[in-house]
Amino acid sequence: MTTLSRRLLLASPALLLAAPAGAHHDTTVGAITIGHPWSRAAGANTNGAAYMTLRNTGREADRLVSASTPIARTVELHTHVRDGDVMRMRPVRDIAVPAGETVRLRPGGLHVMLIGLTEPLRQGATVPLTLRFERAGEATVQPEIQAAGARGHTH
Ligand SMILES: [Cu+2]
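Here, residues in each chain are numbered from 1, in the same order as that chain's written sequence. Reporting in this predicted model follows two pLDDT cut-offs: at least 70 for local features of residues, and 80 or more for side-chain atom pairs to be given and counted; totals over whole chains, interfaces and linings ignore these cut-offs and use all residues. Heavy atoms throughout the structure, all of them, feed into the side-chain values; hydrogens and water do not.

Caption draft 1: Highlighting the pattern of salt bridges. Here, a salt bridge means any side-chain nitrogen of Lys or Arg that lies within 4 Å of a carboxyl oxygen of Asp or Glu. Per the counting criterion, the structure on display carries 5 salt bridges. When the shortest N-O distance is used, the salt bridge between D94 and R63 registers 3.1 Å. Taken together, the positions of D94 in the loop between strand 6 (86-91) and strand 7 (95-97) and R63 in strand 4 (residues 62-68) put the pair 31 residues apart, joining distant regions of the chain. D83 is paired through a salt bridge with R88; the nearest N and O atoms lie 2.5 Å apart. Using a relative accessible area of 40% as the deciding quantity, one classes D83 as partly exposed. Exposure classes here rest on a 1.4 Å probe applied to the protein chains alone. A residue is buried below 20% of its type maximum, exposed above 50%, and partly exposed in between. For R88, a relative accessible area of 45% puts it in the partly exposed group. It is possible to trace a salt-bridge network through shared partners that takes in R63, D94 and E134. Only runs of H or I of at least four residues qualify as helices and only runs of E of at least two qualify as strands under DSSP, and these elements are numbered from the N terminus.

Printed below as a string of C-alpha cells:
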C-alpha cells in the first residue's frame, strides 16, 4: 500500500464527519446543482410529486425540459395557478433556471409530477428521478420520501 492510499484511508472517516449536513443530497451536472430532492409518501396507482432546488452557477440560462422515473407511467413538469379561490396544477413545457439564480420546486408551486405510480412511495425510501436540462444535460437524483403531509425537506 502506498503512503498516499494509506493516508486517504486514514482520512476518510474524518472526511465523512466533516461533510456539511445534507451535502450528500446535492447533485451537480454542468452548471446546475440539484439540491435536497424530496417527495412525499403516496400509494401505488396514485400520483406523486418531487421537489428540489435548481441552482444555476453558470453564465448561461438553462431550463429543465423533462424528467423520468421507472416508477411512474408519466412524468410532467407542473406549476400551480390560481383559479378563483383554488390553486390548480397546470403542466408547463419547461422550468427556466436563469443564470446565477436558484429556482425552488416546492408544494404549491413548481414541481415534478409523477403520474400513475407503479409502486408506492414509502416514507424513508428514495426513488430514482432523471432530470434533463437543455444545456447541462442529464442527472439522476434520489428524492427522499417524506411523510404524506410533509411541507418541506427534513433530515
Ligand atoms: Cu402536479
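Moving on from the coordinates now.
Caption draft 2: Region of interest: the coordination of the copper ion. Here the coordinating atoms are restricted to nitrogen, oxygen and sulfur within 2.8 Å of the metal centre, or 3.2 Å for Na, K and Ca, and because water is not among them the sites may look incomplete. Coordination of the copper ion by the protein comes from H78 (ND1), M89 (SD), H111 (NE2) and M113 (SD), over a distance range of 2.1 to 2.3 Å. Read from N- to C-terminus, the donor residues coordinating the copper ion fall into the pattern H-x10-M-x21-H-x1-M. You can see M89 sitting in strand 6 and its partner H111 sitting in strand 9 (residues 111-117), a full 22 residues away along the chain. Residue class for H111 comes out buried when judged on its relative accessible area of 1%.

Caption draft 3: A look at the side chain of T33. Considering the arrangement of structural elements, one finds T33 in strand 2 (residues 32-40). Classification of T33 by relative accessible area gives buried; the value is 11%. Pairs of N or O atoms within 3.5 Å make up the polar contacts considered here, provided that, within protein, one atom can donate a hydrogen while the other can accept it, and that residues adjacent in sequence are counted only when both atoms are side-chain atoms. Within polar-contact distance, the side chain of T33 engages the side chain of T28 at 2.9 Å. Here, two residues are considered to be in contact whenever any of their heavy atoms come within 4.5 Å of each other. For T33, the contacting residues outside a window of four places in its chain are D26, T27, T28, T53, L54 and R55.

Caption draft 4: Quick look at the sheet that holds strand 11 (residues 137-141). Read from one edge to the other, the open sheet built from 4 strands follows the order 7-4-10-11, with strand pairing classed as antiparallel. Each edge of the open sheet carries a strand with a single partner, namely strand 7 and strand 11. Taken over all neighbouring pairs, the strand axes of this sheet differ in orientation by 30° on average, direction set aside. Two strands qualify as a pair provided that DSSP identifies no fewer than 2 bridges between them. Pairing analysis gives 5 bridges linking strand 10 (residues 129-133) to strand 11, with the strands arranged antiparallel. In the sheet register, F133 faces strand 11, and the bridge partner there is G137. Lines fitted to the C-alpha atoms define the axes, with helices restricted to the stretch that makes contact. Angles between their N-to-C directions range from 0 to 180 degrees.

Remember, this is a structural readout, not a statement about activity or role.
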